[in-house]
Amino acid sequence: MNLQDKIYLDYSATTPVDPRVTERMLTYFTESFGNPSSVHGFGQQAEAAVELAREDIAAQLHCDPMEIIFTSCGSESDNLAIRGAAFAQRAAFGRNHLLISPVEHHAVAHTAEQLSEHFGFELEYLPVDETGIVEPAAVRAHLRPETALVSVIYANNEIGTINPITEIGAVCQEAGVIFHTDAVQAGAYLNLAADELNVDLMSLGAHKFYGPKGVGVLYRRVDTPLMPMQTGGSQEHSLRAGTQNVPYIVGMAEALKIAAAERQAASSNLRAFRDRLIGSILEEIPGAYLTGHPTNRLPNHASFVFDHVDGNALLMQLDLHGMACSSGSACKTGSPSPSEVLLALGIPAQRALGSLRVTLGRWTTAEQINIFINALPGIINQNRKLHG
Ligand SMILES: *Cc1c(COP(=O)(O)O)cnc(C)c1O
């Protein structure tokens, strides 16, 4: 079977680059190849492209272009936010307490864990309810005078749940504590206006909204103290050294513009597909449970656990049937361990091993949803006979 004939239902893992984006990028690999830091015309041309992209992205985020830092990916944005703010807060005020949710992406969770294990920070986890939501009141209750940073994921990559970022941000602002959100999954679908969200730091990655892999943004509210983690030249307001990736930055700005223009139509279209898929699976398959919030979730995101199912085997079966999905368990081979995110919701480990994530996107069709819905019950049955 050709890859073109397969059904891609893993848009939360990555998205294809929109052809309109590829088209915009091309000239910056060849004719307009200058180093943005060079003084001559080649450099000026590249610098102008980077600064125009910065303005375009700032317009989408309702912020000043000065508040945009270009990075190499969503993970780097998370790293710079967490590490950079933690070290700056400790250096200036002796603050060493980090508060994060237990349902963060590894780019946040493993960074905070390393700061705690090797750099003397105290890491504390916020409570979440069984849908993965962090309550603003819980944040308020856990803040301390020595809290350096709070980080709460905007929209969850594994379970789709959307957190009340504006309200959590208000709690942190009132207490004078730096607030970061990982908005990588929110890029294509949710409000990114930094002023309305009350965030000091916000991470985005282009390949989750139909831009290229290997480029990201960190929004940094003006004057938020940040210790640079990559030192060298004075690029990105001296907060992130390294020659900018001009074509990818141009592509990311174009991708974000398209995503914003199409956000409403795409959301309502995908929400209808998503709800049909969720309804059908919960109805047709016994021992199936939705994970995350039933309604307050990404419009393209459906996620489940199944009793007596081997999640890894399920992904391989689906792949053989021409359908590409994902699960919560991180392991590709060997003995899988259940997802920490699913365990944090109180899902029993045995059930968490039978997880499935189905994420839709710009090229998903009603026919693809039909094929998937019709095939899954039989595939689950087969899985239960072999592994259950
Ligand atoms: C994909 C993802 C990341 C990592 O982004 P990369 O650009 O792949 O490094 C971080 N956080 C969330 C929520 C993601 O979905």
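Read on for an overview of the structure. (Residues numbered from 1 in each chain as written. Predicted model: local features only at pLDDT ≥ 70, side-chain atom pairs only at ≥ 80, totals over all residues. Heavy atoms only, no water.)

Thoughts on the overall build of the protein chain
A count of helical and extended segments in the protein chain gives 13 helices and twelve strands. Relative to the 2.2 N^0.38 estimate, which gives 21 Å for 388 residues, the radius of gyration of the protein chain is 21 Å and therefore close to what a compact globule would have. Its C-alpha atoms give the protein chain principal-axis dimensions of roughly 65 × 50 × 35 Å. With 388 residues in all, the protein chain has 55% of them scored as buried. In the protein chain, the proportion of contacts linking residues at least 24 apart, taken out of those at least 6 apart, comes to 74%. Here the protein chain displays about 16,000 Å² of accessible surface, and carbon together with sulfur accounts for 53% of that area. Positive and negative charge centroids in the protein chain, built from 26 and 41 side chains respectively, lie 3 Å apart. (Helix = DSSP H or I, 4+ residues; strand = E, 2+ residues; numbered from the N terminus. Rg over C-alpha atoms; globule rule 2.2 N^0.38 Å. Buried < 20%, exposed > 50% of the residue type's maximum accessible area, 1.4 Å probe, protein only. Contact = heavy atoms within 4.5 Å. Areas by Shrake-Rupley, 256 points an atom, 1.4 Å probe, with all protein chains shown as cover. Lys, Arg positive; Asp, Glu negative; His and termini not counted. Charge placed at Lys NZ, Arg CZ, Asp CG, Glu CD.)

Side note on empty space enclosed by the protein
In this structure the tally under the stated criterion is two cavities of 30 Å³ or more. For the second largest cavity, the calculated volume is near 40 Å³. Around the second largest cavity sit Y11, S12, T15, Q185, A188, Y189, K208 and N300, which together line it. Partitioning the lining of the second largest cavity into residue classes produces three nonpolar, four polar and one charged. (1 Å grid on protein atoms, 1.4 Å probe; cavity = no way out; pocket = protein on both sides within 12 Å on 5 of 7 lines; lining within 4 Å. Points joined across faces, edges and corners; volume = space filled by probe spheres on them. Nonpolar A, V, L, I, M, F, W, Y, C, P; charged D, E, K, R; others polar.)

Here's the deal with the sheet that holds strand β6 (residues 178-182)
The strand order across the open sheet built from seven strands is β2-β8-β7-β6-β5-β3-β4, with neighbouring strands paired in mixed fashion. A single partner strand is all that each edge strand has here, and the edge strands are β2 (68-71) and β4 (122-125). The average angle at which neighbouring strand axes cross in this sheet is 20°, direction not considered. Sheet analysis places strand β3 (residues 97-100) next to strand β5 (residues 147-151), joined by four bridges and oriented parallel. Considered in β5, the bridge of L99 is made with V150. Packing against the sheet, helix α4 (residues 106-118) makes contact with β3, β4, β5 and β6, and its axis sits at approximately 160° to β3. Helix α6 (residues 165-175) contacts β5 and β6 of the sheet and is inclined by roughly 160° relative to β6. (Pairing = 2+ DSSP bridges. Axes fitted to C-alpha atoms, helices over the stretch in contact; angles between N-to-C directions.)

Structural notes on helix α10 (residues 311-320)
The buried fraction of α10 is high, at seven of ten residues. Among the residues making up α10, those that are buried are G311, N312, A313, L314, L315, Q317 and L318. As for α10, its buried residues are in contact with β10 (301-306), β11 (323-324), β12 (355-359) and α13 (366-387). Where α10 starts, the residue carrying a side-chain oxygen 3.0 Å from the main-chain nitrogen of N312 turns out to be D310. (Polar contact = N/O pair within 3.5 Å; in protein donor to acceptor, adjacent residues only side chain to side chain.)

Some points on the site of the ligand
The ligand sits among C73, G74, S75, D78, H105, I153, N157, D182, V184, Q185, H207 and K208. A distance of 2.8 Å separates an oxygen atom of the ligand from a polar atom in the backbone of G74. In the environment of the ligand, an oxygen atom lies 2.8 Å from a nitrogen or oxygen atom belonging to the side chain of H207. Within the complex, 89% of the 380 Å² of free accessible area of the ligand lies under protein. Counting residues per element, the shell around the ligand draws most heavily on helix α3 (residues 74-93), which supplies three residues. Broken down by class, the residue content of the shell around the ligand amounts to three nonpolar, six polar and three charged. (Near = heavy atom within 4 Å.)

Details of helix α2 (residues 41-60)
For α2, built from 20 residues, the straight-helix expectation of 28 Å at 1.5 Å per residue is met to within 8% by its first-to-last C-alpha distance of 29 Å. The secondary structure elements touched by the buried residues of α2 are β2, β8 (216-220), α8 (235-238) and α9 (246-284). Count one or two residues on from α2 and you reach H62, which has phi positive near 50°. (Expected span 1.5 Å × (residues − 1).)

Describing the sheet that holds β12
Ordered in space as β9-β10-β12, the three strands form an open sheet in which the pairing is antiparallel. Since the sheet does not close on itself, it has two edges, and those belong to β9 (288-290) and β12, each with one partner. Between one strand and the next, the sheet's axes are offset by a mean angle of 25°, whatever the strand orientation. Note that β10 and β12 share five bridges and pair antiparallel. Directly across from A302, in β12, lies its bridge partner V358.

Comments concerning the packing of aromatic side chains
Evaluated as defined, the whole model comprises eight aromatic pairs. Pairing F33 with F42 gives two aromatic rings, centres 5.4 Å apart and planes at 40°, and the pair type is tilted. Both rings, one in F304 and one in F306, keep their centres 6.0 Å apart while their planes meet at 25°; by these two values the pair is stacked. Note on F304: relative accessible area 1%, which makes it buried. The exposure class of F306 is buried, given its relative accessible area of 0%. Taken together, the ring pairs in this structure connect Y8, Y11, Y210 and W363 into an aromatic cluster. Between R95 and the ring centre of F93, over which it is positioned, the NZ or CZ distance is 5.8 Å. In this arrangement the basic side chain of R351 is found over the ring face of Y289, its NZ or CZ atom lying 4.0 Å from the centre. (Phe/Tyr/Trp six-rings, centres within 6.5 Å; stacked < 30°, edge-to-face > 60°. Lys NZ or Arg CZ within 6 Å of the ring centre and 35° of its normal.)

Re the packing of α9 against α13
One can describe the packing of α9 onto α13 by two numbers: an axis separation of 10 Å at closest approach and a directional angle of 15°. With respect to their mutual orientation, α9 and α13 come out roughly parallel. For the crossing formed where α9 meets α13, the hand is right-handed. Between α9 and α13, the residues in contact are F273, R276, L277, S280, I281 and E284 and A366, I369, N370, F372, I373, L376 and P377, respectively. Broken down by class, the residue content of the contact of α9 with α13 amounts to nine nonpolar, two polar and two charged. (Parallel < 35°, antiparallel > 145°, perpendicular 65-115°, else oblique. Left-handed = near helix turned anticlockwise from the far one by under 90°.)

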